[in-house]
Amino acid sequence: MFKLNLKIALRNLWKNKGFSLINIGGLAIGLASCMVLLLYVTYEWSYDKQFSHHERNYVVYNNSEASGKIFSWAWTPGAMADEVREKIPGVAYTSHSTYPSDYLITYGEKKLKDQAIFTDPSFLKILDHKFIKGNPDKVLKETNSIVLTKSFAEKLFGNEDPINKTVKLDNTDVLKVEAVIEDVPANNSIQFDYLMPWSLFEKREPWVRDKNWGNNMCLTLVQLQNTNAYDKANSEIKGIYTRNQKDNGNKALLFPMDKWHLYGDFENGRSVGGKIDQLRIFLLLAFCILLIACVNFMNLSTARSEKRAKEVGVRKAIGSSRQSLVAQFLLESVLLAIMATVVAFALAEISLPYFNNLLNINLVIAYNDWKFWTVLFSLMVFTGLVAGSYPALYLSSFEPVKVLKGFNIKVGSSVSIRKVLVVFQFVFAVCLIVCTTVIYQQLNYIKNKPIGYNKGNLLQIAVQGNLNTESKRNLLSEQLVKSGAATNVSFFSRGISEGGNNTTSVSWPGKNPKDDILFNQRGIGYDFTKTIGTELIAGREFSAKYPADTNSVILNEAAVKVMRLKNPLGTVIKFWGTDLTVVGVMKDFIVESAYQSVAPMLFYTSGRSGASHILVRLNPSANISSSLAKIDEIVQGIEPNFPVDRKFVSDTFEEKFQNEKLLGILSNWFGGFAIFISCLGLLGLALFMAEQRKKEISIRKVLGARTGNILVLLNKDFIKLVAIANFIAFPLAYIIVNKWLSAFEYRISISALPFVVAISLSVIIAILTVSIQSVKVAKANPVDALKYE
């Protein structure tokens, strides 16, 4: 029986090639979209889960109360790891490490600057990266040693065996290669190209040895002996700051490392989500696109109901049961789903390179993974059964006597269900149009919002080698301006768009003892305001004319406001126990998130703590390419042992919006697919209605109706459906975008524009889709429909 049903199904599909192709195309696009989105969700979900005991790995977070809020960071003191290992029960390993930073590694004539971490041997116990060469039990114990990743070792040594060879770090420390490990997976939160011992970090930075619990400067990882130890360990670690420094009110907590990537947003000391919210959106999008494709299949299948009615009547007349007919139609839909899956594979493979480039990741279809095939098979069968369920039940319900006598099929209830399905399709499509429009409006608003300085033609150069000395930096500044490549040069203690470096150790006259304000702190050079293109509200900036400026400070507007200083100039504040005099007030400018209000900020001279970046304002009247070439030449002349590390500030600022851009682009693409599939569903309904009303239309034409009248007659019902879909979608879309926007401190007001765009697009698309079929019917010869009457 199955063999017979299979033959009949294949014959029907072949006989109706046009419908089969449209059905396969709709299901293939839905399945391909679903596959790509699920691959992305799976990739993001797998972050930090590639380690043997990932469920026992934790990151130590630091909750610090300031400015009426609780701030949470994965920054902890250097003493944290040893203290946790010795004092907290249930701990197997602890490790402290620096955050990834760029350092120069030299081997012979080769010079590579890539990301590195200073850490201890336990790091590779907790995160058990696979060793290719070397002894895992002996690495990172010797001060002058180094562990390389496979790709970094190949770049540095080529085909040579790197073990026991020596390299130079920043042209100073000689290090021996102890081991080579596999490359760090892209879905690992801690990325690096090589590892170096913590003892080497202490040698280079002696201040690290101080057991200062007020200096949160490293990442602390913890692996518990088993998952049952978590509750007690987390409870014990909470008061670790106060136990070691009585006046330190910070609280520590253990946060699961395999949730770090997805649940990394904190409010008031608790995780409130993060990238998981975006993944939920993409999961919903994948499910809805697949559901729309199934609905589209139902519409197109039942549009052919009259053509298959006689087949059902004959088969029932010769003894076929309704169950066998249902099985027949479901088999046809599953066959179509199998064919659509093959096409979907091809579409997914073609589109993956584009999406990998867009997302800057490497999504691949894991053909050798049984889990992938299980999910795919389940998805395919689910799609076939869901898509074929309504057509199978509907077509198998025809009464053979009425069908074979030639009576018209009663379509009232079926049309109602089909109309509901089309409305559902367009509700989803309209919601996507509104949401995508609002995402782009918000993104443009933030990108074009004044940031307090001019990021155009502003360059930042990393300080390295000789440039760490103030005299060399000053020499570079003079030569850059003298060359004509730059109009102004200044220094900054961090990248201008980087966060971090904050403190509550600031006091001032009239400060409320209960106030614990968190200040961002930065070291700046001379001509800072002119260089970045901001302005002073009051006072002056630092200058070589005032040698005493090492004891001076500049505040931003936000700092003056929270300190409630009516006359800030001349005020003496205490910063880390040192008296500093306020000599200027700078206009607020954005350093961290463009979505949040500017934090209170204080600036001191870069001579106090050094500078990590040189800021260069390019000469607007000079050619940019030639200016960059001159800058590179001058920097290389002063520090020839390091490659020039420069970036445009506008590029680093743009990186802040990657998540929102990604959400907008993916919503745009897959929203377009959803709209296209919805149009196929609308086309199915148009075919169905035209088939049912062909005699009515023919009679109207015989009585003198023009083509235009017929088109209006056929189109108005569909426009009503689209209008109903918009009416339902608008409040849903409003709730969704309002909730999304509420996460941003600076946000747009929801205007009528997204809704106008949505209703205009949906109506235009609907009219064009329906008119394709309506024109055919309106221009058909009425004799063909009426000759049997």
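The following paragraphs examine the structure supplied in this document. (Residues numbered from 1 in each chain as written. Predicted model: local features only at pLDDT ≥ 70, side-chain atom pairs only at ≥ 80, totals over all residues. Heavy atoms only, no water.)

1. Observations concerning the overall build of the protein chain
Stage number 1. Within the protein chain one finds 25 helices and 26 strands.
Stage number 2. Evaluated residue by residue, the protein chain yields a buried proportion of 50% over its 789 residues.
Stage number 3. Nonlocal contacts in the protein chain, meaning residues at least 24 apart in sequence, comprise 79% of its contacts between residues at least 6 apart.
Stage number 4. Here the protein chain has roughly 36500 Å² of accessible surface; of this, 56% comes from carbon and sulfur atoms. (Helix = DSSP H or I, 4+ residues; strand = E, 2+ residues; numbered from the N terminus. Buried < 20%, exposed > 50% of the residue type's maximum accessible area, 1.4 Å probe, protein only. Contact = heavy atoms within 4.5 Å. Areas by Shrake-Rupley, 256 points an atom, 1.4 Å probe, with all protein chains shown as cover.)

2. Structural notes on empty space enclosed by the protein
Stage number 1. Per the stated rule, a full pass over the model turns up five cavities of 30 Å³ or more.
Stage number 2. By volume, the second largest cavity amounts to about 40 Å³. (1 Å grid on protein atoms, 1.4 Å probe; cavity = no way out; pocket = protein on both sides within 12 Å on 5 of 7 lines; lining within 4 Å. Points joined across faces, edges and corners; volume = space filled by probe spheres on them.)

3. A short note on the pattern of salt bridges
Stage number 1. The full count for this structure, using the stated rule, is 17 salt bridges.
Stage number 2. The partner of Glu-44 in a salt bridge is Lys-275, and the shortest N-O contact between them spans 3.6 Å. Here Lys-275 lies in helix α9 (residues 275-302) and Glu-44 lies in helix α2 (residues 17-45), a separation of 231 residues in the sequence. The same class applies to Glu-44 as to Lys-275, namely buried.
Stage number 3. Residue Lys-574 pairs with Asp-579 through a salt bridge whose shortest N-O separation is 3.0 Å.
Stage number 4. For Lys-574, a relative accessible area of 36% corresponds to the partly exposed category.
Stage number 5. On the basis of relative accessibility, which here comes to 45%, the residue Asp-579 falls in the partly exposed class.
Stage number 6. Via salt bridges that share partners, Asp-170, Asp-173, Lys-203 and Arg-204 belong to a single interconnected network. (Salt bridge = Lys/Arg side-chain N within 4 Å of Asp/Glu carboxyl O.)

4. What about the packing of aromatic side chains?
Stage number 1. Taken as a whole and judged by the stated rule, the model has 29 aromatic pairs.
Stage number 2. For the ring pair Tyr-58 and Tyr-230, a centre distance of 5.2 Å and an interplane angle of 15 degrees mean the geometry is stacked. Note that Tyr-58 is positioned in strand β1 (residues 57-66) and Tyr-230 in helix α7 (residues 230-237), a separation of 172 residues in sequence.
Stage number 3. Exposure remark for Tyr-58: the relative accessible area of 6% places this residue in the buried category.
Stage number 4. Looking at Tyr-230, the relative accessible area reads 24%, which means it is partly exposed. (Phe/Tyr/Trp six-rings, centres within 6.5 Å; stacked < 30°, edge-to-face > 60°.)

5. Here we look at a nonpolar patch on the surface
Stage number 1. On the surface, a cluster of nonpolar side chains totalling about 400 Å² of accessible area is made up of Ile-724, Phe-727, Ile-728 and Leu-732.
Stage number 2. Within the secondary structure, Ile-724 sits in helix α23 (residues 707-741).
Stage number 3. A relative accessible area of 42% places Ile-724 in the partly exposed class. (Patch = residues over 30% accessible without salt bridge, like charges linked within 9 Å, V, L, I, M, F, W, Y side chains within 5 Å.)

6. Points about the state of the cysteines
Stage number 1. If you walk through the whole model with that rule in mind, you get zero disulfides.
Stage number 2. Here Cys-34 is not disulfide-linked; the sulfur of Cys-294 is the nearest cysteine sulfur, at 9.5 Å.
Stage number 3. With relative accessibility at 4%, the residue Cys-34 sits in the buried group.
Stage number 4. The cysteine Cys-431 is free of any disulfide, with Cys-435 supplying the nearest cysteine sulfur at 6.0 Å.
Stage number 5. Residue Cys-431 is classed as buried on the basis of its relative accessible area, which comes to 9%. (Disulfide = S-S within 2.5 Å.)

7. Re unusual backbone geometry
Stage number 1. A positive phi is found at Asp-48, a non-glycine position, where the angle reads about 60 degrees.
Stage number 2. Even without being glycine, Asp-170 reaches a positive phi, approximately 50 degrees.
Stage number 3. Tracing the backbone shows Asp-170 in the loop between β8 (166-169) and β9 (173-181).

8. Details of the packing of helix α15 (residues 470-483) against helix α19 (residues 624-638)
Stage number 1. Relative to each other, α15 and α19 sit at 150 degrees, their axes nearing to 10 Å. Our classification of the angle between α15 and α19 gives roughly antiparallel. The way α15 lies across α19 gives a crossing that is right-handed. Together, Lys-472, Leu-475, Leu-476, Gln-479, Leu-480 and Ser-483 of α15 and Lys-630, Ile-631, Ile-634, Val-635 and Ile-638 of α19 make up the contact between the two elements.
Stage number 2. Per-class residue counts for the contact of α15 with α19 are seven nonpolar, two polar and two charged. (Axes fitted to C-alpha atoms, helices over the stretch in contact; angles between N-to-C directions. Parallel < 35°, antiparallel > 145°, perpendicular 65-115°, else oblique. Left-handed = near helix turned anticlockwise from the far one by under 90°. Nonpolar A, V, L, I, M, F, W, Y, C, P; charged D, E, K, R; others polar.)

9. Observations concerning the environment of Ile-748
Stage number 1. With respect to the helices, strands and loops of the structure, Ile-748 is situated in the loop between α23 and α24 (753-779).
Stage number 2. The spatial distance from the C-alpha of Ile-748 to the C-alpha of Asn-738 is 10.0 Å, given a sequence separation of 10 residues.
Stage number 3. Here Ile-748 is in contact with Val-438, Gln-441, Gln-442, Tyr-445 and Leu-741, once residues within four sequence places are set aside.

10. Here's the deal with the pairing of strand β23 (residues 578-586)
Stage number 1. Of the pairings in the sheet, the one linking strand β20 (residues 536-539) to β23 comprises three bridges and is antiparallel in character. Residue pairing in the sheet places Leu-536 in a bridge with Met-586 of β23.
Stage number 2. Where strand β22 (residues 572-575) and β23 come together, four bridges link them in antiparallel fashion. The residue of β23 that forms the bridge with Phe-575 is Thr-578. (Pairing = 2+ DSSP bridges.)

11. What to know about the side chain of Thr-220
Stage number 1. Examined against the element boundaries, Thr-220 turns out to sit in strand β11 (residues 219-224).
Stage number 2. For Thr-220, the side chain forms a polar contact with the side chain of Thr-76, separated by 2.6 Å.
Stage number 3. With residues near it in sequence (within four places) discarded, Thr-220 still touches Tyr-58, Val-59, Val-60, Thr-76, Pro-77, Met-80, Ala-81, Ser-95 and His-96. (Polar contact = N/O pair within 3.5 Å; in protein donor to acceptor, adjacent residues only side chain to side chain.)

12. Section: the environment of Arg-494
Stage number 1. In this structure, Arg-494 sits in the loop between β16 (486-492) and β17 (502-503).
Stage number 2. Taking C-alpha positions, Arg-494 is 5.4 Å from Ser-612, a pair spaced 118 residues apart along the chain.
Stage number 3. In this view, Arg-494 contacts Gly-499, Gly-500, Asn-501, Arg-522, Ser-612 and His-613; residues no more than four positions away in its chain are not counted.

13. Some words on the side chain of Thr-98
Stage number 1. You can see Thr-98 is positioned in the loop between β3 (91-97) and β4 (101-107).
Stage number 2. Relative accessible area serves as the criterion here: at 8%, Thr-98 is assigned to the buried category.
Stage number 3. The contact partners of Thr-98, leaving out residues within four places of it in the chain, are Ile-117, Phe-118, Trp-198 and Phe-201.

14. Quick word on the pairing of strand β12 (residues 251-256)
Stage number 1. The buried count for β12 comes to five of six residues, which makes it a mostly enclosed element.
Stage number 2. Both β1 and β12 contribute to a ladder of six bridges, which runs antiparallel. In the sheet register, Asn-63 faces β12, and the bridge partner there is Lys-251.

15. A look at the environment of Leu-467
Stage number 1. Here Leu-467 is to be found in the loop between β15 (458-462) and α15.
Stage number 2. A C-alpha to C-alpha distance of 9.3 Å links Leu-467 and Ser-612, two positions 145 residues apart in sequence.
Stage number 3. Those residues in contact with Leu-467, other than ones at most four positions away along the chain, are Ala-462, Lys-472, Arg-473, Leu-476, Ile-614, Val-635, Ile-638 and Glu-639.

Any link to function would need more than the numbers given here.
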